[in-house]
Amino acid sequence: MILRDWCDLPQDMQHPSIRSYYDVLHGKKYQLFLKFLLDRIIAGILLILLLPILFVLAICIKIDSPGEIFFRQKRITRYGKEFYIYKFRTMVQNAESVGAQVTSDNDARITKVGRQIRDLRLDELPQLINILQGDMTFVGTRPEVPKYVAQYTEEMRATLLMPAGVTSEASISYKDESRLLEGAVNVDDVYVNKVLPEKMKVNLLSLQKFNLATDFFLMLKTVRAVL
């Protein structure tokens, strides 16, 4: 994971409010390289170990409701790059066309098997593929859809200096995010104006404090939760 030179960053990221975050990461380039190696080694091992579970989940999803096994959605990762995130499908087919792009606990689009998978956080397992592809890391800011990234302030875009993450301090703090959105008249509006800014405060603080040891500890917590 090599950090680009400042002058090679996208123009909308060469902003004074991002420079301090960039300097912190630039001073830890060897830790970033080790993070890059650990991500791929551990993701590869987990995919092999979890193949039987992935197979069983795929069968359950297919039997439960019509549609694809995997849910693919365009998200934004490092330097503003678009990529497709992989998840097990937990909602009815074409759910995005009949509702918001964030989900509350009482969302009628969630399938029977999907609800159980979401409760156990097993829908996130296919993101191991995204890690191997280099679009994601175990610990980092959760990837947002393009329309939410378009609402970022200049400072928020500092989170795009790193690949998107499977987990983070912010996602742990807001693990019950869907409950916060219950009853909202406009889920997208509440998310963009209330939930997202609070999460980004935590993400930016984590970026300032980046340390491989802390990062590795959070990654182990995530792996233990899966196993």
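The structure under discussion appears in the preceding block.
Residues numbered from 1 in each chain as written. Predicted model: local features only at pLDDT ≥ 70, side-chain atom pairs only at ≥ 80, totals over all residues. Heavy atoms only, no water.

Participant: Before we move on, can you summarise the nonpolar core with the specific residues and values?
Facilitator: Ranked by internal contacts, the top residues of the largest apolar core, which has 28 residues, are Leu-9, Met-13, Leu-25 and Leu-161. The element best represented in this core is helix α9 (residues 187-208), accounting for seven residues. If we skip the residues at most four places from it in the chain, Met-13 touches Trp-6, Ile-18, Tyr-79, Arg-157, Leu-160 and Leu-161. Membership of the second largest hydrophobic core comes to 25 residues, among which are Ile-85, Phe-88, Val-113 and Leu-125. (Core = buried A, V, L, I, M, F, W, Y, C linked by side-chain atoms within 4.5 Å. Buried < 20%, exposed > 50% of the residue type's maximum accessible area, 1.4 Å probe, protein only. Helix = DSSP H or I, 4+ residues; strand = E, 2+ residues; numbered from the N terminus. Contact = heavy atoms within 4.5 Å.)

Participant: Describe the pattern of salt bridges, with residues and values.
Facilitator: One pass over the full model with this rule turns up nine salt bridges. Of the charged contacts in the structure, one is a salt bridge between Arg-19 and Asp-23, with a shortest N-O distance of 3.1 Å. Within this pair, Arg-19 and its partner Asp-23 are both found in helix α1 (residues 16-26), separated by four residues, close to a single helical turn. Taking the relative accessible area as the measure of exposure, Arg-19 reaches 34% and is therefore partly exposed. (Salt bridge = Lys/Arg side-chain N within 4 Å of Asp/Glu carboxyl O.)

Participant: Account for helix α3 (residues 51-64), with residues named and values stated.
Facilitator: Here α3 spans 20 Å end to end across 14 residues, near enough to the 20 Å set by a 1.5 Å rise per residue. Of the positions making up α3, those classed as buried are Leu-54, Leu-57, Ala-58 and Ile-61. Down the axis of α3, the smallest arc covering the buried residues is 105 degrees, so these residues share one side. More than 90 degrees from the buried face of α3, the exposed residues found are Pro-52, Phe-55 and Ile-63. (Expected span 1.5 Å × (residues − 1). Arc of directions from axis to C-beta.)

Participant: How would you explain the packing of aromatic side chains if you had to name every residue and give the values?
Facilitator: A complete count under the given rule lists three aromatic pairs for this structure. When the centroid spacing of 5.2 Å and the interplanar angle of 70 degrees are considered together, the rings of Trp-6 and Tyr-22 count as edge-to-face. You can see Trp-6 sitting in the segment before α1 and its partner Tyr-22 sitting in helix α1, a full 16 residues away along the chain. Each of the two residues, Trp-6 as well as Tyr-22, counts as buried. Judged by centre distance (5.4 Å) and plane angle (15 degrees), the ring pair of Phe-70 and Phe-88 falls under stacked. Taken together, the residues span a long stretch of sequence, with Phe-70 in strand β1 (residues 70-76) and Phe-88 in strand β2 (residues 82-88) at a distance of 18 residues. Look at Phe-70 and you get partly exposed, because its relative accessible area is 39%. You can call Phe-88 buried: its relative accessible area is 3%. Between Arg-19 and the ring centre of Trp-6, over which it is positioned, the NZ or CZ distance is 4.6 Å. One cation-aromatic arrangement involves Arg-72 over Tyr-84; the distance from NZ or CZ to the ring centre is 4.4 Å. (Phe/Tyr/Trp six-rings, centres within 6.5 Å; stacked < 30°, edge-to-face > 60°. Lys NZ or Arg CZ within 6 Å of the ring centre and 35° of its normal.)

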